[in-house]
Amino acid sequence: MYRKMSEAARAIRKRHPGQPLLGVVLGSGLGDCADSLERRTVIPFVDLPHFPASTVRGHGGKLVLGIVEGIPAAVLQGRAHYYEGYSMSDVTFPVRVLGLLGIRALIVSNAAGAVSPRFRPGDLMLITDHINLMGANPLRGSNIDELGPRFPDMSEAYDRRLVALALRASRRCGIRVGQGVYIGLSGPSYETPAEIRMCRTLGADAVGMSTVPEVVAANHMGIRVLGISCITNMAAGLQARKLSHDEVMKTAARVRGKFTEFLRETIASLGEELARAPQA
Ligand code: HPA
């Protein structure tokens, strides 16, 4: 697996020399803010060795490298999901490759259902922590020592300094963002109302089917993480109508402009932070 990652990293470096400092994963329907990167190179996942090609509507499936707000960045537009049948190794592969390219921080975004009544469709939530209820962990199996330790710490899986910085950015651009705990389930069926009550009891504020594997893999590699959920719907049992992927995509499309502005403002204040020496 490490050999495959190195091959993919090499293929990327060949097409776009220079080290990205920031990685970004754009979630469902949030995919087009990579179009504004300067001096960009666009590589469809299918053109990269060993990259999983995503199959779901609304997931672009390309890597965009370039400069955003003065910071060299690598943006994954679209991701492979566990529910698509990919292994956890496949799901985390692109983020690990960005890790090998040298990113110091990763911004992961997703569409999520509100479990907490504090949130409404269209809200943005900074992820302060997560609960892994996917039934799998990407680090299971023999440890890849080149990437990180066997038992990585997860006590600050979402970097507190990055959350604080994002909150300041949100105030600067006048975009309200909340904070909360994300719970990851495997999907692809949406949850039952009873499962959502369980999630709430467990301490979750938003629910989704992604993010957790990538965040575990990033933490393993010592990459600092900022997570942003786009609340696209009230979770099952919290709204009268039934849930649909269409509703999720429609809300994501509605939030996209606000999300992109917030993301840019956040990235703009990241430069100094990324220049700091990596933490032990
Ligand atoms: N549940 C799980 N995943 C989701 C949801 C949801 O309600 N909304 C968007 N992704």
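Worth saying up front: this structure is predicted, and the values here are computed from it rather than measured.

Caption draft 1: Fine view of the environment of Ala114. Looking at the element boundaries, Ala114 is found in strand E5 (residues 105-114). Taking relative accessible area as the criterion, Ala114 reaches 0% and is therefore assigned buried. For the pair Ala114 and Tyr190, spaced 76 residues apart in sequence, the C-alpha separation works out to 12 Å. Those residues in contact with Ala114 that sit more than four places away from it in its chain are Phe119, Asp205, Ile231, Asn233, Met234, Ala235 and Leu238.

Caption draft 2: Representation of a nonpolar patch on the surface within the structure. Taken together, the side chains of Leu133, Met198 and Leu202 make up a nonpolar region of the molecular surface, amounting to roughly 240 Å² of accessible area. Its location among the elements puts Met198 in helix H4 (residues 193-202).

Caption draft 3: Local environment of the environment of Glu214. Here Glu214 lies in helix H5 (residues 212-220). The class of Glu214 is buried, set by a relative accessible area of 2%. Put simply, Glu214 and Val108 are 106 residues apart on the chain and 8.2 Å apart in space, counted from C-alpha to C-alpha. Glu214 has contacts with Val25, Arg79, Val91, Thr92, Val95, Leu106 and Val108, leaving out every residue within four places of it along the chain.

Caption draft 4: Geometry of the packing of aromatic side chains. One pass over the structure, following the stated rule, counts two aromatic pairs. Consider the rings of Phe45 and Phe51, whose centres lie 5.2 Å apart with planes at 50°: the pair is tilted. When sorted by exposure, Phe45 lands in the same class as Phe51, which is buried. For the pair Phe51 and Phe93, a centre-to-centre distance of 5.6 Å together with 90° between the ring planes defines the contact as edge-to-face. Of the two residues, Phe51 is situated in the loop between strand E2 (38-44) and strand E3 (62-68) and Phe93 in helix H2 (residues 88-101); the sequence distance between them amounts to 42 residues. Classification of Phe93 as buried rests on a relative accessible area of 2%. In this structure an aromatic cluster arises from ring pairing among Phe45, Phe51 and Phe93.

Caption draft 5: Up close: the site of the ligand. Around the ligand lies a shell formed by Ala111, Ala112, Gly113, Tyr190, Glu191, Val207, Gly208, Met209, Thr232, Asn233, Leu243 and Val248. Measuring from a nitrogen atom of the ligand, one finds a backbone N or O atom of Ala111 at 3.4 Å. Within the side chain of Glu191, an N or O atom sits 2.8 Å from a nitrogen atom of the ligand. For the ligand, whose accessible area on its own is 260 Å², the fraction buried by protein is 95%. Of all the secondary structure elements, the ones that give two or more residues to the shell around the ligand are E5, strand E8 (206-208) and strand E9 (224-234). If one sorts the elements of the shell around the ligand by residue count, E5 sits on top with three residues. For the shell around the ligand, the residue count by class is seven nonpolar, four polar and one charged.

Caption draft 6: Structural detail: helix H3 (residues 160-173). Under the 1.5 Å per step criterion, the end-to-end length of H3 is 20 Å for 14 residues, consistent within 8% with the ideal 20 Å. If you check which residues of H3 are buried, you get Leu162, Val163, Leu165, Ala166, Leu167, Ala169, Ser170 and Cys173. As for H3, its buried residues are in contact with E5, strand E6 (124-133), strand E7 (177-185), E9, helix H6 (245-268) and helix H7 (271-275). One side-chain oxygen of the residue at the start of H3 lies 3.0 Å from the amide nitrogen of Arg161, identifying that residue as Asp159. Directly after H3, the chain includes Gly174, whose backbone phi takes a positive value near 70°.

Caption draft 7: Up close: the nonpolar core. In this structure, Ile12, Phe51, Leu63, Leu76, Val97 and Leu106 are the most contacted members of the largest nonpolar core, which totals 44 residues. By residue number, the principal contributor to this core is H2, which donates six residues. Excluding residues within four positions of it along the chain, Leu63 makes contact with Ile12, Thr41, Val42, Ile43, Phe45, Leu48, Ala74, Val75, Leu76 and Leu98. Judged by nonpolar contacts, the second largest core, of 34 residues, contains Val64, Ile107, Leu167 and Ile267.

Parameters at a glance
Residues numbered from 1 in each chain as written. Predicted model: local features only at pLDDT ≥ 70, side-chain atom pairs only at ≥ 80, totals over all residues. Heavy atoms only, no water. Helix = DSSP H or I, 4+ residues; strand = E, 2+ residues; numbered from the N terminus. Buried < 20%, exposed > 50% of the residue type's maximum accessible area, 1.4 Å probe, protein only. Contact = heavy atoms within 4.5 Å. Patch = residues over 30% accessible without salt bridge, like charges linked within 9 Å, V, L, I, M, F, W, Y side chains within 5 Å. Areas by Shrake-Rupley, 256 points an atom, 1.4 Å probe, with all protein chains shown as cover. Salt bridge = Lys/Arg side-chain N within 4 Å of Asp/Glu carboxyl O. Phe/Tyr/Trp six-rings, centres within 6.5 Å; stacked < 30°, edge-to-face > 60°. Near = heavy atom within 4 Å. Polar contact = N/O pair within 3.5 Å; in protein donor to acceptor, adjacent residues only side chain to side chain. Nonpolar A, V, L, I, M, F, W, Y, C, P; charged D, E, K, R; others polar. Expected span 1.5 Å × (residues − 1). Core = buried A, V, L, I, M, F, W, Y, C linked by side-chain atoms within 4.5 Å.

By themselves, these figures tell us nothing about what the structure is for.
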